[in-house]
Amino acid sequence: MYRSVFSLEGEENISFREGVGTRCGRELGRASRSNTEAALRRRHYFCTRRRRGAEEAALFFRVSASPRESENADLWSAADLAESIGGGRLHVVGSVCGVEGSAIPNATVDFWQADHEGNYEAQLGADEPRLRAILSTDAAGKFDFWTVMPLGYTIPMDGPVGDLIGRTAISNYRPAHIHFIVSAPGFGTLVTHLFPEGADYLDDDVVFGVRPQLVVPFKAVAASHHEVRYDFVLTASD
Ligand SMILES: [Fe+2]
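These numbers come from a predicted model, not from an experiment. (Residues numbered from 1 in each chain as written. Predicted model: local features only at pLDDT ≥ 70, side-chain atom pairs only at ≥ 80, totals over all residues.)

Another point: the overall build of the chain. Check the secondary structure of the chain and you find 4 helices and 13 strands. Per-residue burial over the chain gives 29% buried out of 238 residues. Long-range contacts, defined here as pairs at least 24 residues apart, represent 68% of the contacts in the chain between residues at least 6 apart. (Helix = DSSP H or I, 4+ residues; strand = E, 2+ residues; numbered from the N terminus. Buried ≥ 20, exposed ≤ 12 C-beta atoms within 10 Å, placed from the backbone. Contact = placed C-beta atoms within 7 Å.)

In C-alpha cells:
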C-alpha cells in the first residue's frame, strides 16, 4: 500500500529537509526555527499503523490545532459546526466500541475538516475555531454532530514539498475527508479519516492515506442534508 516515489540523496536530501523545517517553523509562528528535526517531530505530524482488530488508521498532517490544544475548550460541547458556513449540511452519526462490540462511554472524539471549498481554518485566518471540535460519547457509546460536506484540496505547492511532488507524476490533491482522533482510557488511540464514496482523488491521494475500509457512503437522506454513519472500534491498550 505504501509506495516509495524516489529518494533524495546527499545535499539534495539535506536541502529538502531544511526547507521543510524552515517552512514548518514559519507557519507555526517560529520564524527563527530552522531545526528540521525538531519541526518534523512536532505533534502536528503523525504516522500511525493499524492495531489488530481495530479500524484502519491513516497518516495525516494536522493543519490546525484541535480545541484540546487551544484555549477554546468550550468546543467540547459543540455539536453543530455548520452554522454560517456554506455548502451542504452533513450529519455525522457514530459510535465507539471495543473489538468485542461493547460500547465505550465517554470516549473522546476529536475531529476536524476542510470546508466546502477545501479550506482549513488556518488557511482562512479565522479568529474563531472553525470546523473542528471534541465530543464525548454518551452512555451507549454514541455521538453525532452537524457539519458541512468537506471538499478535497491540493497540498501547498509553493514550498519544498510542492517542489518534490511537482517532480513526480502523482497528484497533488487529497480527496475530501474528515479527520478523527478517537481515544478512551484503557484503549489504544485511533487516528484516522473518513472519505466519501465517489470523491475525486480517492485513487490518487497525494499522501496515500486512503484505505478501502475508510471510504463510506455520505448519503443524501433529504433535500436538506447528507448523512454518514460509522462505528469506530478501539483495541485495548497493550
Ligand atoms: Fe486533511
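This part is about the sheet that holds strand β5 (residues 132–136). Within the open sheet, the 5 strands sit side by side as β5-β4-β9-β10-β11. Their pairing is mixed. Of all strands in the sheet, those with a lone pairing partner are β5 and β11 (215–216), marking the two edges. Across 5 bridges, the pairing between strand β4 (residues 108–113) and β5 is antiparallel. Looking at β5, one finds that D110 is bridged to I134. (Pairing = 2+ DSSP bridges.)

Turning to the sheet that holds strand β3 (residues 89–98), a few remarks are in order. One open sheet accounts for 4 strands, arranged β6-β3-β13-β12; its pairing is mixed. At either margin of the open sheet sits one strand with a lone partner, and together these are β6 (142–148) and β12 (219–222). Direction aside, the axes of adjacent strands within the sheet are offset by 30° on average. (Axes fitted to C-alpha atoms, helices over the stretch in contact; angles between N-to-C directions.)

In this section: the pairing of β3. Here 7 bridges tie β3 to β6, and the two strands are oriented antiparallel to one another. By the bridge assignment, H91 is partnered in β6 with W146.

Our focus in this paragraph is the nonpolar core. A general tendency of soluble globular proteins is for nonpolar side chains to be buried together. Judged by nonpolar contacts, the single largest core of 36 residues is most densely connected at V96, V109, V182 and L234. Of all the elements in the fold, those that place two or more residues in this core are β3, β4, β5, β6, β9 (178–183), β10 (190–196) and β13 (225–234). For V182, the residues in contact, after removing those within four places along its chain, are V96, A107, V109, L190, F232 and L234. (Core = buried A, V, L, I, M, F, W, Y, C linked by C-beta atoms within 7 Å.)

The subject of this paragraph is unusual backbone geometry. With phi around 65°, S84 is a residue other than glycine that occupies positive phi space. Its location among the elements puts S84 in the loop between β2 (60–61) and β3. Residue N106 is not a glycine yet carries a positive backbone phi of 60°. Classification of N106 by C-beta neighbours within 10 Å gives exposed; the count is 12.

So, about the pairing of β13. Consecutive side chains of a regular strand alternate in pointing toward one face of the sheet and then the other. Two strands pair when backbone bridges link them, and β3 and β13 are joined in this way by 10 bridges, in the parallel orientation. When the bridges of β13 are listed, S95 appears paired with D231. Between the antiparallel neighbours β12 and β13 lie 2 residues.

This part takes up the environment of E197. Looking at where E197 falls in the secondary structure, it is placed in the loop between β10 and β11. Taking C-alpha positions, E197 is 5.5 Å from V215, a pair spaced 18 residues apart along the chain. Setting aside anything within four residues of it in sequence, one finds E197 in contact with V215, V216, P217 and F218.

Looking at where V206 falls in the secondary structure, it is placed in the loop between β10 and β11. Residue classification places V206 among the partly exposed residues on the basis of 19 C-beta atoms within 10 Å. When the C-alpha positions of V206 and N172 are compared, they lie 5.2 Å apart, and in sequence the two are 34 residues distant. Residue contacts for V206: discarding those within four places in its chain leaves I155, I165, I170, S171, N172, Y173 and R174.

Chain-level statistics for the chain give a pLDDT mean of 79 and a share of 74% at 70 or above. Across the chain, the secondary-structure element scoring lowest on mean pLDDT is strand β1 (residues 45–46), at 38, and the one scoring highest is β11, at 97. Across residues 29–51 the pLDDT falls below 50, and counting only partners more than four positions away or on other chains, this stretch makes 37 contacts in the model. In the predicted structure, residues 59–65 sits below a pLDDT of 50 and forms 21 contacts with residues beyond four places in sequence or in another chain. (pLDDT = per-residue confidence, 0-100.)

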